Amino acid sequence: MNKFLIAATLFVATCFLSTFSHAQGSVIAIIKTNQGDIKILLDGDKAPETVDNFLKYVDAGFYDGTVFHRTIADFMIQGGGYDQQLAEKITLPPVKNESSNGLSNVRGTVAMARKSAPNSATSQFFINVVDNLYLDYQNGRSGYTVFAKVVEGMDVVDKIANTKTVRKGAFTDLPEVPIVIQTVVIEQPS
């Protein structure tokens, strides 16, 4: 059995065997980066499947060592899918699109990245640096599911968004100096 298959099997087993004590509703997650911490409030009431999906990745340690691979100052910062060598990580199956939940892609909100198909989001997420209302659900057209908002660390988001970028292979807005997600942790109630 090759290393790739072993890693995938362990990751999937960890995700599905993990028991979640996370209640529906509001949960705080802290995205710890090499540029500082970003604290986000997850909205499990309005985006329950998306939040559950995100928490599975957090509980499995999936985001540890991943990078923000796309940063655009007047748009958003995107991460959660590639390691520091820019190898795409193995993910769980895609999650159902919940973009009609009434949450909007405004500055400071966190949404799921996806391909052109509405139900194709897996692990990657982005943080809106400006209002991106055209990414919302509109007239029956699926948008990008907002599932959280930044409650502390928007200065860190802005710093990341304004970092110098380069083109490297398929990456057109890659930070020149890697922006690493060291870990994502759930803040325990005090």
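Here the structure is a predicted model, which means the values were calculated and not measured.

**Some remarks on the pairing of strand β5 (residues 109-112)**
Alternating positions in β5 separate into two faces, Thr109 and Ala111 on one and Val110 and Met112 on the other, with burial throughout. Where β5 and strand β7 (residues 146-152) come together, three bridges link them in antiparallel fashion. Paired with alanine 111 across the two strands is valine 146, which belongs to β7. Taken together, the three bridges between β5 and strand β6 (residues 125-128) define a ladder with antiparallel strand orientation. Residue pairing in the sheet places alanine 111 in a bridge with phenylalanine 126 of β6.

**Observations regarding the side chain of lysine 39**
As for its placement among the helices and strands, lysine 39 is situated in strand β2 (residues 36-43). Given a relative accessible area of 16%, lysine 39 falls into the buried group. Polar side-chain contacts of lysine 39 include one of 2.7 Å to the side chain of glutamate 187.

**Examining empty space enclosed by the protein**
Leftover empty space is mapped by rolling, across the atoms, a probe with the size of a water molecule. Counted by the stated rule, this structure contains one cavity of 30 Å³ or more. Each pocket or cavity is described by its volume, and for the largest cavity that value is around 50 Å³. Taken together, Thr50, Val95, Lys96, Asn97, Met112, Arg114, Pro118, Ala121, Gly143, Tyr144 and Thr145 make up the lining of the largest cavity.

**As for the layout of surface pockets**
Of the pockets and cavities examined, the largest pocket occupies roughly 380 Å³. Taken together, 21 residues line the largest pocket, and the ones lying closest to its centre are Gln78, Ala113, Arg114, Lys115 and Gln124. Of all elements in the fold, only β3 (66-72) and β4 (76-83) reach the threshold of two or more residues within the lining of the largest pocket. The element contributing the most residues to the lining of the largest pocket is β4, with four residues. Here the residues of the lining of the largest pocket are counted per class, giving eight nonpolar, eight polar and five charged.

**Some thoughts on the environment of valine 129**
With respect to the element layout, valine 129 can be found in the loop between β6 and β7. Here valine 129 falls in the buried class, since its relative accessible area comes to 5%. Remark: the alpha-carbon pair of valine 129 and valine 110, spanning 19 residues in sequence, is separated by 9.7 Å. The contact partners of valine 129, leaving out residues within four places of it in the chain, are Ala73, Phe75, Met76, Ile77, Arg107, Met154, Val157, Asp158 and Ala161.

**Examining the confidence of the model for the protein chain**
Looking at the protein chain as a whole, the pLDDT averages 90, with 86% of positions reaching at least 70. When mean pLDDT is compared element by element in the protein chain, β6 scores highest at 99, while helix α1 (residues 3-17) scores lowest at 47. Here residues 12-23 is a poorly scored stretch, pLDDT under 50, and it has 17 contacts once near neighbours within four places are set aside; other chains count.

**So, the nonpolar core**
In terms of nonpolar packing, the biggest core is built from 36 residues, with Ile38, Ile40, Leu42, Phe54, Tyr63, Phe125 and Phe147 touching the most fellow members. At the level of elements, β1 (26-33), β2, α2 (48-59), β5, β6, β7, α3 (154-161) and β10 (180-186) are the ones that each hand at least two residues to this core. Within the second largest apolar cluster, eight residues are counted, among which are Ile72, Phe126, Leu135 and Val146.

**Focus on α3**
When α3 is considered as a whole, its buried residues turn out to be Met154, Val156, Val157, Ile160 and Ala161. Projected onto a plane normal to the axis of α3, the buried residues spread over an arc of 155° and lie on a single side. Contacts made by the buried residues of α3 are with β1, β2, β3, β4, β6 and β7.

**Side note on the sheet that holds β7**
An order of β1-β2-β7-β5-β6-β4-β3-β10 is seen for the eight strands of this closed barrel, with the pairing classed as antiparallel. Taken over all neighbouring pairs, the strand axes of this sheet differ in orientation by 35° on average, direction set aside. In this structure, β3 lies alongside β10, joined through two bridges in antiparallel fashion. From the neighbouring strand, valine 67 faces β10, where its bridge partner is valine 180. Sheet strands in contact with α3 are β1, β2, β3, β4, β6 and β7, and its direction is about 115° off that of β2.

Scoring rules and cut-offs
- Residues numbered from 1 in each chain as written.
- Predicted model: local features only at pLDDT ≥ 70, side-chain atom pairs only at ≥ 80, totals over all residues.
- Heavy atoms only, no water.
- Buried < 20%, exposed > 50% of the residue type's maximum accessible area, 1.4 Å probe, protein only.
- Helix = DSSP H or I, 4+ residues; strand = E, 2+ residues; numbered from the N terminus.
- Pairing = 2+ DSSP bridges.
- Polar contact = N/O pair within 3.5 Å; in protein donor to acceptor, adjacent residues only side chain to side chain.
- 1 Å grid on protein atoms, 1.4 Å probe; cavity = no way out; pocket = protein on both sides within 12 Å on 5 of 7 lines; lining within 4 Å.
- Points joined across faces, edges and corners; volume = space filled by probe spheres on them.
- Nonpolar A, V, L, I, M, F, W, Y, C, P; charged D, E, K, R; others polar.
- Contact = heavy atoms within 4.5 Å.
- pLDDT = per-residue confidence, 0-100.
- Core = buried A, V, L, I, M, F, W, Y, C linked by side-chain atoms within 4.5 Å.
- Arc of directions from axis to C-beta.
- Axes fitted to C-alpha atoms, helices over the stretch in contact; angles between N-to-C directions.

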